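# What the coordinates show
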Amino acid sequence: MFIDYDTFCQRADTLLQRIAGQCRVAGREPAEITLLPVTKTHPPAAAEYAARYGLAAVGENRVQEAAAKRAQTTTSLRWELIGHLQSNKARLAATHFERIQSVDSEKLIAALDRAAGELGRKLPVLLQINAGKDPAKFGAEPAAAPRLLELALARPHLQVDGLMTIAPLSADPTLARRTFANLRSIRNGLAARFGVPLRELSMGMSGDLDAAIAEGSTLVRIGTALFGPRA
Ligand SMILES: *Cc1c(COP(=O)(O)O)cnc(C)c1O
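Numbering of residues starts from 1 in every chain and runs along the sequence as written. Only residues with pLDDT of at least 70 are given local features in this predicted model, and only at 80 or more are side-chain atom pairs given and counted; all residues enter the totals for whole chains, interfaces and linings. To obtain the side-chain values, all non-hydrogen atoms of the structure were used and water was disregarded.

In this section: the side chain of K40. Relative to the elements of secondary structure, K40 occurs in the loop between β1 (34–37) and α2 (44–53). For the buried K40, which has no salt bridge, the nearest side chain bearing the opposite charge is E60, at an N-O separation of 8.6 Å. Contacts are assigned to residue pairs that have any heavy atoms within 4.5 Å of one another. Setting aside anything within four residues of it in sequence, one finds K40 in contact with G59, E60, N61, E65, K69 and R230. Secondary structure elements are defined from DSSP: runs of H or I of at least 4 residues count as helices, runs of E of at least 2 residues count as strands, and each element is numbered from the N terminus. The classification of residues rests on relative accessible area computed with a 1.4 Å probe and restricted to protein chains. Under 20% of the type maximum is buried, over 50% is exposed, and intermediate values are partly exposed. Residues scored as positive are Lys and Arg, those scored as negative are Asp and Glu, and His as well as the terminal groups of each chain are ignored. A carboxyl oxygen of Asp or Glu within 4 Å of a side-chain nitrogen of Lys or Arg is what we treat as a salt bridge.

Written as structure tokens, this is what we have:
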């Protein structure tokens with residue numbers, strides 16, 4: 001049985017308080033941080049709850065699952081893709097998502113730009129960087145980031161909002177924090193070199209959001225802490 005709306009509200013209230021608390025510790029403003037509920041594997045009700053609570057967007061990691069879910073909801077939510085995307089699904093992704101956070105290859109940049117052009121839109125994207133050098137994770141190597149950014153900035157139908165990373169799963173709690181600090185430093189370097197703000201730093205999940213906020217996250221992607229464990 002999926003959770004009811006009251007449970008969702010309690011968890012969302014708790015999370016927002018936790019984010020605000022971490023912001024105080026870090027000397028940041030809670031308004032700098034967006035809570036992105038991750039609705040993957042959960043029923044369309046998860047997205048409906050998020051909208052009813054006043055959240056503007058949800059995150060999904062599979063294109064077809066999100067498209068099907070979206071067709072079953074009546075809200076005006078924005079949908080963001082946070083999972084790995086193959087370039088042969090670029091057109092479908094550009095159709096069903098308002099932003100793609102998982103852009104990590106030259107091929108995908110080209111495919112998304114072409115798809116967005118065909119759809120007559122400018123597609124916001126984040127570059128996913130494997131800032132923790134985790135062999136189990138997707139994302140471009142940090143060394144490849146300048147080249148990817150250069151290519152993405154040259155594409156007329158893409159808008160690069162910033163960077164995204166997933167910290168390695170580890171028993172060492174300092175590893176996530178070092179990963180997030182690394183992403184921020186990569187962002188700062190790229191922003192200076194290319195003269196673009198790259199404002200968005202999408203980093204932090206249910207297990208590591210405190211470290212992410214401490215290191216400058218502007219968007220935390222939260223599934224388990226809102227909707228419970230995934231089947
Ligand atoms: C599933 C997922 C999340 C949410 O993870 P939780 O630990 O459940 O909060 C965040 N980011 C990405 C990329 C995911 O795939």
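Turning next to the pairing of strand β5 (residues 123–128). With respect to burial, β5 is a largely interior element, six of its six residues being buried. Taken together, the two bridges between strand β4 (residues 99–103) and β5 define a ladder with parallel strand orientation. Bridge pairing in β5 links V103 to L127. Crossovers are described as right-handed under a simple rule: with the strands pointing away from the observer, the path leading from the first strand over the helix to the second runs clockwise. Between the parallel elements β4 and β5, the chain passes through helix α5 (residues 106–118) in a crossover that is right-handed. A pair of strands counts as paired when DSSP detects no fewer than two bridges linking them. Where β5 meets strand β6 (residues 158–164), six bridges bridge the pair, whose relative direction is parallel.

Moving on, we get to the site of the ligand. One heavy atom within 4 Å of a molecule or strand is enough for the residue carrying it to be called near that molecule or strand. Taken together, V38, K40, I82, I166, M205, S206, R221, I222, G223, T224 and R230 make up all the residues around the ligand. One of the side-chain nitrogen or oxygen atoms of S206 is found 2.5 Å away from an oxygen atom of the ligand. Any pair of N or O atoms that falls within 3.5 Å is considered a polar contact. Within protein, one atom must be able to donate a hydrogen and the other to accept it, and sequence-neighbouring residues count only if both atoms are side-chain atoms. Separating a nitrogen atom of the ligand from a side-chain N or O atom of R221 is a distance of 2.8 Å.

On to the pattern of salt bridges. Counted by the stated rule, this structure contains 17 salt bridges. Here K69 and E65 are joined by a salt bridge, their closest N and O atoms 2.9 Å apart. Here E65 and K69 lie together in helix α3 (residues 63–71), a separation of four residues that amounts to about one turn. We classify E65 as partly exposed; its relative accessible area is 22%.

As for its placement among the helices and strands, A214 is situated in helix α8 (residues 209–214). Residues A214 and I186, spaced 28 residues apart in sequence, show a C-alpha to C-alpha distance of 16 Å. Residues in contact with A214, not counting those within four places in the same chain, are A26 and R177.

The definition of a nonpolar core used throughout is a set of buried Ala, Val, Leu, Ile, Met, Phe, Trp, Tyr and Cys residues joined through side-chain atoms within 4.5 Å. By size, the foremost hydrophobic cluster in this structure holds 65 residues, and its most contacted members are F8, I100 and L112. Examining the composition of this core, we find that seven residues originate from one element, helix α1 (residues 5–26), more than from any other. The residues touching F8, leaving out its near neighbours within four places in the chain, are I3, Y49, A50, Y53, L55, L226 and F227. Listed in part, the seven residues of the second largest apolar core include L36, V38, L126 and L219.

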